[in-house]
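# Structure assessment
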Amino acid sequence: MSENLKKLKDFIVELEKENALELAKKVIDDKQATAKDMIDVITEALGRIGELYQEEEYYLAELVYAGDIAKTLMNYLEPLLVGNAEKDAAKKIVIGTVQGDMHDIGKNIVGTYARGAGYEVIDLGTDVSAEKFVNKVEESNARILGISCLLTATDGELNKIFAELKQKNLVDVKVVIGGAAMTEKMARDLEEKNGITTKFASDAITGIKIFNELID
Ligand code: B12
């Protein structure tokens, strides 16, 4: 990682919003790194902040502020990533974060990359009920449902979504799930239990690769 990217990570971890934004702009203007490199740095910094929270060095206020810094940086980077990608009508996905979960930075990054890869992204936001997810999939005819789930307390929502998909006989929909509460094994177990293709994505780039494989 270059000196300036390291510095950027430190500014985010130390919650120095103005410095982080100023440096991010400079790095992009001087073409020292791509928007993707910067998103990797933001992700790493938030991972570190998650650890500091767990170690009780940081509390909820710091977590909230870190989220705000990441969002400000993402607002700046997103247009650079999406560019003028041509939309492909067949490539439609519905995404959202499960009910009870307000985390949306990772989901938004996935949405940004997917748009950049030509997907039409229907983003339902956070705190999305199983009914809302599945109704939107049905109404839009999307072939992929992307779900974000960061809290172990809300991973039970996933069962509700699968129950709803089966109830509406939408068993051909492919489900891709990511977020800190999710694992490869959980995805395999859900697939086995429900008979619906279910994949785990550890990050946005892997997610887009999986979308591409599933849609072909
Ligand atoms: C920032 C943050 C917050 C912010 C969120 C701001 C926002 N607008 O999103 C705020 C302050 C709101 C918050 C609140 C809480 N948080 Co919080 N938070 C975090 C933190 C530090 C970073 C999350 C993040 O944005 N990471 C960066 C993004 C880029 O990474 P990501 O989300 O993992 O997403 C990537 C991949 O996972 C994947 N992905 C994710 N979703 C999807 C979906 C699809 C379809 C695909 C393909 C891929 C994919 O691709 C993404 C991009 O590469 C995490 C730490 C962590 N390790 O996750 C804790 C963390 C998730 N929070 C935690 C907790 C406990 C809470 C609170 C309960 C705290 C409290 N006491 O109130 C509340 C819950 C509020 C609620 N009901 O949702 C715990 C969860 C523990 C657990 N096992 O359940 C964590 C893990 C921190 C910790 N180590 O303890 N939090």
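Residues numbered from 1 in each chain as written. Predicted model: local features only at pLDDT ≥ 70, side-chain atom pairs only at ≥ 80, totals over all residues.

## Section: helix H1 (residues 3-13)
Because the α-helix completes a turn every 3.6 residues, residues three or four places apart line up on one side. In plain terms, the rule: Three exposure classes are used, based on other C-beta atoms lying within 10 Å of a residue's own C-beta, which is placed from the backbone: buried for 20 or more, exposed for 12 or fewer, and partly exposed in between. Labels follow the DSSP assignment, with helices taken as runs of H or I lasting at least four residues and strands as runs of E lasting at least two, numbered in each case from the N terminus. Working definition of a contact: two residues with C-beta atoms, positioned from the backbone, lying within 7 Å.
Residues of H1 that are buried include every one of Leu 8, Lys 9, Phe 11, Ile 12 and Val 13, and no others. Turning to H1, the residues buried within the fold contact helix H2 (17-29), helix H3 (35-54) and helix H4 (60-82). Positive phi shows up at Leu 15, right after H1, with a value of about 65°.

## Section: the packing of H3 against H4
When two helices pack together, their arrangement is captured by the angle between the axes and the distance separating the axes. As a reminder, the rule being used: Simply put, an axis is a line fit to the C-alpha atoms, just over the touching stretch for a helix, and the angle between two N-to-C directions goes from 0 to 180 degrees. The cut-offs work like this: below 35 degrees is roughly parallel, past 145 is roughly antiparallel, 65 to 115 is roughly perpendicular, and the gaps in between are oblique. Asp, Glu, Lys and Arg are counted as charged, while Ala, Val, Leu, Ile, Met, Phe, Trp, Tyr, Cys and Pro are counted as nonpolar; the rest, among them Gly, fall into the polar class.
Where H3 meets H4, the closest approach of the two axes is 10 Å, and the angle between their N-to-C directions is 170°. Judged by the inter-axis angle, H3 sits roughly antiparallel to H4. Between H3 and H4, the residues in contact are Ala 35, Met 38, Ile 39, Ile 42, Leu 46, Ile 49 and Tyr 53 and Leu 63, Ala 66, Ala 70, Leu 73, Leu 77, Leu 80 and Leu 81, respectively. The residue makeup of the contact of H3 with H4, split by class, is 14 nonpolar, no polar and no charged.

## Looking at the site of the ligand
Where we set the bar: We call a residue near a molecule or strand if the C-beta atom, set from the backbone, is within 6 Å of it.
Around the ligand, 39 residues are found, and the nearest of them are Gly 50, Gly 106, Gly 146, Gly 178 and Gly 207. The set of elements that each furnish at least two residues to the shell around the ligand consists of H3, H4, helix H5 (105-116), strand E3 (144-148), strand E4 (174-178) and helix H9 (204-215). Here the shell around the ligand gets seven residues from one element, more than from any other, and that element is H3. Residue composition of the shell around the ligand, grouped by class: 21 nonpolar, 14 polar and four charged.

## With respect to H2
Quick note on the threshold: To estimate the expected span of a helix, subtract one from its residue number and multiply by 1.5 Å. Regarding the arc, it is the one traced by the directions from the helix axis to the C-beta atoms.
The terminal C-alpha atoms of H2, which comprises 13 residues, lie 18 Å apart, in line with the 18 Å expected from a rise of 1.5 Å per residue. Here H2 has its buried residues at Ala 20, Leu 23, Ala 24 and Val 27. Here the buried residues of H2 occupy an arc of 105° about the axis, which is enough to place them on one side. Of the residues in H2, the exposed ones pointing more than 90 degrees away from the buried face are Glu 18, Lys 25, Lys 26 and Asp 29. Those residues of H2 that are buried lie in contact with H1, H3 and H4. In the segment just after H2, Lys 31 is the residue with positive phi, at about 55°.

## Quick look at the domain arrangement of the protein
Filter applied, for reference: In this entry, domain limits derive from an automatic or database-based domain assignment.
What the domain assignment lists for the protein is domain 1 (3-82) and domain 2 (92-215). Put simply, the middle of domain 1 and the middle of domain 2, counted by C-alpha atoms, are 25 Å apart. Each side of the interface is counted separately: domain 1 has nine residues, and domain 2 has seven residues. Where the side of domain 1 that touches domain 2 is concerned, the elements lending two or more residues are H3 and H4. For the side of domain 1 that touches domain 2, the leading source of residues is H4, giving seven residues. Residues that form the side of domain 1 that touches domain 2 fall into these classes: six nonpolar, one polar and two charged.

## Topic: the nonpolar core
Across soluble globular proteins, you tend to see nonpolar side chains buried next to one another. Condition: Take the buried Ala, Val, Leu, Ile, Met, Phe, Trp, Tyr and Cys residues, join any whose C-beta atoms are within 7 Å, and the set you get is a nonpolar core.
The biggest cluster of nonpolar side chains holds 57 residues, and the ones touching the most others in it are Ile 12, Ile 42, Ile 93, Leu 145 and Ile 177. Sorting elements by how many residues they give to this core places H3 first, with eight residues. For this core, the domains that each give at least three residues are domain 1 (3-82) and domain 2 (92-215). If we skip the residues at most four places from it in the chain, Ile 12 touches Ala 20, Ile 42, Ala 45, Ala 66 and Ile 69.

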